[in-house]
Amino acid sequence: MTIIQPRHLLDGSHRRMFIGGAWVEAASGETFETRNPATGTVIATVPRAGKKDIERAVAAARNAFDGPWSRFKPHERQKLLLKVADLFERHWEEICVSDTTDMGLPIARARGNANRVLGMLRYYAGMATALHGQTIDNSLSGDIISYTRKEPIGVVGAIIPWNAPTAASVWKIGPALATGCTVVLKPSEEAPLTPLLIAELMAEAGVPDGVVNVVTGTGAEAGAPLAEHMGVDKIVFTGSTATGQSIVRASAGNLKRVSLELGGKSPVIVCADADLERAVPVAAMSVFANSGQICIAGSRLFVARSIHDEFVARLAAYAAGLRIGDGIDPETEIGPLISPRQLQRVEGYLRAGSEEGARLVAGGTRLSRGALAAGNFVAPTVFSGVTDTMRIAREEIFGPVISALPFDTLDEVVRRANDTPYGLAAGVFTRDLTTAHQLSRRLQAGSVWVNTYHAIDPAVPFGGYKMSGYGREGGAEHLDEYLNTKGVFIRI
Ligand code: NAD
């Protein structure tokens, strides 16, 4: 497959942000750099937005919401979203190269996400014409008929992390546009480029000015003013639990609605009867995919004691065989971590694992030989002999690190798997249908995968229990988070 050189990328050139249909600079005139995490090279500079820029973007989104966008009929929004999806499909390689260059996602994996992202856009396009209320016979008075209406909530502030810029943007913009809302998207300062490309493609598809605005800046300077803004009706946030908590506090001024997709420390349970051929690669990639920088990483691996040693040995061999390098090489399976800061953080956990007595059976170090020296590479790592109280078993690492823990009974493993403040996802490997259903019921997680991992469907809600957040993305119920329900009563 030919790799298309994306517009404005890779050469360090300056890009502007997108507000009210125009490409603009920050009011302060300040900029910041974004780097390729595989090479350390500056690939672009972008505006460093602040409060004034957020004001401007929210005003643009409000004008569009009250003006041209409010006149779009549901079937017109549907047609537009389908056009956007088609345009994304035509530019898919460009989108993939942008993600690979800006945040390190291996290109093979980025390409493989096409169905997931385009499917999401097309699913929401379909939902644009399926938003309807109910008629309800008044239960107290026979001469009043009631009905409900679903109305768009208004201006949505969307704040996303760096680990999946394309998917995260689409998961926010898709439902917002399907329901008739407008958006101010604040990408992560670590990976702002693909959201700008997305804005460009949306404008090209004919999305009216101000309906989608992309403001580049840091969390403190641009994210916080967006979360606080009295003119924003809803914040949809994906990121760490700590930032989610500060967003909830910041949103209190106008009691805007908030939905949160936060961190995780997800358990994967491998039962004694599991198909090991299938379980080993899936369990490994549940964490190693995207170098562990995935919210659903199955980083606590509970293995039935009778197969524990064999499973860990196979897992270690699998980890050692993964191809690591610049994600732009189609052969690469494991790319870099996003930044030197993230690298240091992960190295801290590697040290903590060894200091607390875990046994290193694969990886465990930064990779700095040859071309890897310029990037933020860590070897896929497996620790065994981990106990439930060690930091590597309790804290979200966001790096390619698996902690293997043996278990004896299902009751015990359910208790231990649920013993975490998080509740985003869980995995189960078993050939027994009863065990599969029982564990799926008892695990406290928003998604449970049996004999697979990572499966996503636009029609199936995704989100967290406990401190992994609230609200769902995907599925019909998700759209309610972008809608107000109005009750109308008519005397007849
Ligand atoms: P982060 O919380 O540091 O940043 C996320 C976004 O919030 C960025 O755009 C950042 O600029 C912004 N931000 C930071 N401080 C802010 C503030 N005070 N007010 C408003 N915005 C602010 O997260 P990250 O390091 O970019 O991403 C990693 C985290 O995201 C992990 O914890 C991971 O589990 C989580 N995540 C969750 C999901 C999910 O669906 N549950 C998906 C991907 C990532």
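Model, not experiment: these values are computed from the prediction.

Draft legend 1. Structural context of the overall build of the protein chain. The helix and strand tally for the protein chain stands at 16 helices and 21 strands. Taking 2.2 N^0.38 as the reference for a compact globule, 492 residues should give roughly 23 Å; the C-alpha atoms of the protein chain span a radius of gyration of 23 Å, in line with that estimate. Along the first, second and third principal axes, the C-alpha set of the protein chain runs to 70 × 60 × 40 Å. Looking at the protein chain as a whole, 52% of its 492 residues are labelled buried. Taking all contacts inside the protein chain whose residues are at least 6 apart in sequence as the whole, residues at least 24 apart take part in 72%.

Draft legend 2. Spotlight on the UniProt feature "domain: Aldehyde dehydrogenase" (unreviewed entry) in the protein chain. Per the UniProt entry, the sites bearing "domain: Aldehyde dehydrogenase" (unreviewed entry) are residues 23-487 in this numbering. Across residues 23-487, the secondary structure splits into 40% helix and 19% strand, with the terminal C-alpha atoms separated by 41 Å.

Draft legend 3. How the structure looks around the sheet that holds strand E15 (residues 381-384). Judged by pairing direction, the sheet is mixed, and its 7 strands sit side by side in the order E14-E15-E16-E13-E12-E18-E19 without closing on themselves. Both edges of this open sheet fall to strand E14 (359-362) and strand E19 (447-450), since each of them pairs with a single strand only. When strand polarity is set aside, the average angle formed by the axes of neighbouring strands in this sheet is 25°. Pairing of E14 with E15 involves 3 bridges; the strand directions are antiparallel. Its bridge partner lying in E15, Ala362 is registered against Val382.

Draft legend 4. Representation of the site of the ligand in the model. The immediate surroundings of the ligand are formed by 31 residues, with Pro161, Gly219, Gly223, Gly239 and Cys295 found nearest. If you list the elements that add at least two residues to the shell around the ligand, you get helix H8 (219-228) and helix H9 (241-250). Sort the elements by how many residues they give to the shell around the ligand and H8 lands first, with 5 residues. When the residues that make up the shell around the ligand are grouped by side-chain class, the tally is 13 nonpolar, 14 polar and 4 charged.

Draft legend 5. Representation of the sheet that holds strand E6 (residues 144-152) in the model. With antiparallel pairing, the 3 strands of this open sheet are ordered in space as E5-E6-E21. Edge positions in the open sheet fall to strand E5 (135-137) and strand E21 (483-491), since each of these has one partner strand only. Recorded for the sheet is a direction-independent mean angle of 25° between the axes of neighbouring strands. Of the strand pairs in this sheet, E6 and E21 are connected by 9 bridges, and their pairing is antiparallel. Residue pairing in the sheet places Tyr147 in a bridge with Val488 of E21.

Draft legend 6. Fine view of the environment of Tyr349. Residue position: Tyr349 is located in helix H12 (residues 340-355). Through-space distance from the C-alpha of Tyr349 to that of Ile402 is 11 Å; in sequence the pair is 53 residues apart. Contacts of Tyr349, omitting those with residues within four sequence positions, involve Arg391, Ile392, Ile397, Gly399 and Val401.

Draft legend 7. Layout of the packing of helix H6 (residues 165-179) against helix H7 (residues 193-205). Running from N to C, H6 and H7 point in directions that differ by 45°, and their axes come no closer than 8 Å. With respect to H7, the axis of H6 lies oblique. Seen along the crossing, H6 lies across H7 with a hand that is right-handed. Contacts between H6 and H7 involve Pro165, Thr166 and Ser169 from the first element and Thr194, Pro195 and Ile198 from the second. Residue composition of the contact of H6 with H7, by class: 3 nonpolar, 3 polar and no charged.

Draft legend 8. Spotlight on H8. Most of H8 sits out of view: 7 of its 10 residues are buried. All buried positions along H8 are accounted for by Ala222, Gly223, Ala224, Pro225, Leu226, Ala227 and Glu228. Packing partners of the buried residues in H8 comprise helix H1 (51-66), strand E7 (155-159), strand E8 (182-186), strand E10 (234-238) and H9.

Draft legend 9. The arrangement of the pairing of strand E4 (residues 42-47) in detail. Here strand E3 (residues 31-35) pairs with E4 via 5 bridges, running antiparallel. Counted as the bridge partner of Arg35 is Val42 from E4. Between E3 and E4, which pair antiparallel and follow one another directly, the connecting turn spans 6 residues, one of which, Gly40, has a positive phi of 75°.

Draft legend 10. Quick peek at the pairing of E15. Where burial is concerned, the two faces of E15 agree: the one with Thr381 and Phe383 and the one with Val382 and Ser384 are both buried. Sheet topology note: the E15/strand E16 (residues 401-407) ladder contains 3 bridges and is parallel. In the sheet register, Val382 faces E16, and the bridge partner there is Ile402.

Draft legend 11. Region of interest: the confidence of the model for the protein chain. For the protein chain, the mean per-residue pLDDT works out to 96, and 98% of the residues sit at or above 70. Across residues 1-6, where pLDDT falls below 50, the model places 11 contacts with residues more than four positions away in sequence or in other chains.

What counts and what doesn't
- Residues numbered from 1 in each chain as written.
- Predicted model: local features only at pLDDT ≥ 70, side-chain atom pairs only at ≥ 80, totals over all residues.
- Helix = DSSP H or I, 4+ residues; strand = E, 2+ residues; numbered from the N terminus.
- Rg over C-alpha atoms; globule rule 2.2 N^0.38 Å.
- Buried ≥ 20, exposed ≤ 12 C-beta atoms within 10 Å, placed from the backbone.
- Contact = placed C-beta atoms within 7 Å.
- UniProt positions renumbered as here; feature names shortened; annotations may be inferred.
- Pairing = 2+ DSSP bridges.
- Axes fitted to C-alpha atoms, helices over the stretch in contact; angles between N-to-C directions.
- Near = placed C-beta within 6 Å.
- Nonpolar A, V, L, I, M, F, W, Y, C, P; charged D, E, K, R; others polar.
- Parallel < 35°, antiparallel > 145°, perpendicular 65-115°, else oblique.
- Left-handed = near helix turned anticlockwise from the far one by under 90°.
- pLDDT = per-residue confidence, 0-100.

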